[in-house]
Amino acid sequence: MGDLFLVRHGETEWSRSGRHTGSTDVPLTEHGRDEARRLEPLIRSHRIGAAFVSPAQRARETAELIGLHDVQVDAGLREWDYGGYEGVTTPEIQRTRPGWFLFTDGVAPGPADHPGETPEQVGERADRVLAQVDAAQAAAEADVVLVAHGHFLRVLTARRLGLPASAGALFQLATGTLCRLGTEHGRPVIAAWNVRPGS
């Protein structure tokens, strides 16, 4: 079995300002494109058997810039549905909900097409993605890459490690970085986190 590489998309205007960006399809900034391009040598140095990407343009462009080809778009990799908090920053939310924390409190309900997700619902979606990853790793006997979003990948990491979805709070994840989940003595581990070239 290979390793699982996680790539958070490069910077967007909304990620830079701290706005929760779930369903809004915000493009990369030029800095975000540069962040992605710098990851290409790190990806190229591994044998990739399968790659999956979120449908969002910021993730798809990142996948292209890091040199991934034959990438499968997977709706399961979309970002957390922030419901009524889409486009809102944490400090703005905390003005009316002091002490609010996404990973334990979830989000306010949104419109019918984006009603919001609980941490547990995001965890269930991450579990389904991980089942696909396991199948791809077994079939290819190589590494798998996921290109997606910060909060979703944090929850996915928690679930891979056997932790509850809320434990995603423990894994800060910057834009345009690479993480590697592997195994040690048959158990899942974090082998590298928030990696950029030269770090």
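First, a word on scope: everything that follows refers to the structure included in this document. Note that this is a predicted model, so its numbers are computed, not measured.

With respect to the packing of aromatic side chains
Under the criterion given, the structure shown has four aromatic pairs. Ring geometry for tyrosine 85 and tryptophan 100: centres 5.3 Å apart, planes at 80 degrees, overall edge-to-face. In this pair, tyrosine 85 sits in the loop between β3 (72-73) and α4 (90-96) while tryptophan 100 sits in the loop between α4 and α5 (102-105), placing the two residues 15 residues apart along the sequence. The burial state of tyrosine 85 is the same as that of tryptophan 100; both residues are buried. Ring centres of phenylalanine 101 and phenylalanine 103 lie 5.8 Å apart, and the angle between their planes is 50 degrees; this geometry places the pair in the tilted category. For phenylalanine 101, a relative accessible area of 40% puts it in the partly exposed group.

Structural notes on the nonpolar core
Proteins that are soluble and globular tend to have nonpolar side chains buried together. Leu4, Leu6, Trp80, Val144, Leu146, Phe152 and Leu156 are the most contacted members of the largest nonpolar core, which has 30 residues in total. For this core, the secondary-structure elements that each account for two or more residues are β1 (4-8), β2 (48-53), α5, α6 (119-140), β4 (143-148), α7 (150-160) and β5 (178-184). Each residue touching leucine 6, except ones within four places of it in the same chain, is listed here: Leu146, Leu153, Leu156, Thr157, Thr177, Leu178, Cys179, Leu181 and Trp193. Formed by 16 residues, the second largest nonpolar core is a distinct cluster that contains Leu28, Val53, Ile66 and Leu178.

Observations concerning the side chain of aspartate 81
With respect to the helices, strands and loops of the structure, aspartate 81 is situated in the loop between β3 and α4. Buried charged residue aspartate 81 carries no salt bridge. Nearest counter-charge: arginine 78, at 6.2 Å. A distance of 2.9 Å separates a polar side-chain atom of aspartate 81 from the backbone nitrogen of glycine 83. Ignoring sequence-local partners within four residues, the contact set of aspartate 81 consists of Val107, His114, Pro115, Gly116, Glu117 and Arg125.

Re the sheet that holds β5
Each strand in a sheet pairs with another by means of backbone hydrogen bonds, the pair being arranged parallel or else antiparallel. As summarised here, the arrangement of the six strands in space is β3-β2-β4-β1-β5-β6, forming an open sheet in which the pairing is mixed. Two strands bound the open sheet, and with one partner strand each, they are β3 and β6 (187-195). Lying on the sheet, α6 is in contact with β1, β2 and β4; it crosses β4 at an angle near 150 degrees.

As for the environment of isoleucine 190
Turning to its location among the elements, isoleucine 190 is positioned in strand β6. Excluding residues that lie within four positions of it along the chain, isoleucine 190 makes contacts with Thr157, Leu161, Phe171, Arg180 and Leu181.

Details of the pattern of salt bridges
Two side chains of opposite charge can pair, provided their charged atoms sit close to one another. Tallied over the full model, the rule gives 13 salt bridges. Two residues, glutamate 61 and arginine 33, come together in a salt bridge whose shortest N-O distance is 2.7 Å. A residue pair is termed long-range when its members are at least 10 positions apart, and glutamate 61 in helix α3 (residues 57-65) and arginine 33 in helix α2 (residues 30-44) qualify at 28 residues. Here glutamate 61 falls in the partly exposed class, since its relative accessible area comes to 23%. Arginine 44 is the partner of glutamate 40 in a salt bridge, and the nearest nitrogen-oxygen pair spans 2.6 Å. One end of the pair, glutamate 40, and the other, arginine 44, are both in helix α2, four residues apart, so they sit about a helical turn from each other.

What counts, and at which threshold
- Residues numbered from 1 in each chain as written.
- Predicted model: local features only at pLDDT ≥ 70, side-chain atom pairs only at ≥ 80, totals over all residues.
- Heavy atoms only, no water.
- Phe/Tyr/Trp six-rings, centres within 6.5 Å; stacked < 30°, edge-to-face > 60°.
- Helix = DSSP H or I, 4+ residues; strand = E, 2+ residues; numbered from the N terminus.
- Buried < 20%, exposed > 50% of the residue type's maximum accessible area, 1.4 Å probe, protein only.
- Core = buried A, V, L, I, M, F, W, Y, C linked by side-chain atoms within 4.5 Å.
- Contact = heavy atoms within 4.5 Å.
- Lys, Arg positive; Asp, Glu negative; His and termini not counted.
- Salt bridge = Lys/Arg side-chain N within 4 Å of Asp/Glu carboxyl O.
- Polar contact = N/O pair within 3.5 Å; in protein donor to acceptor, adjacent residues only side chain to side chain.
- Pairing = 2+ DSSP bridges.
- Axes fitted to C-alpha atoms, helices over the stretch in contact; angles between N-to-C directions.

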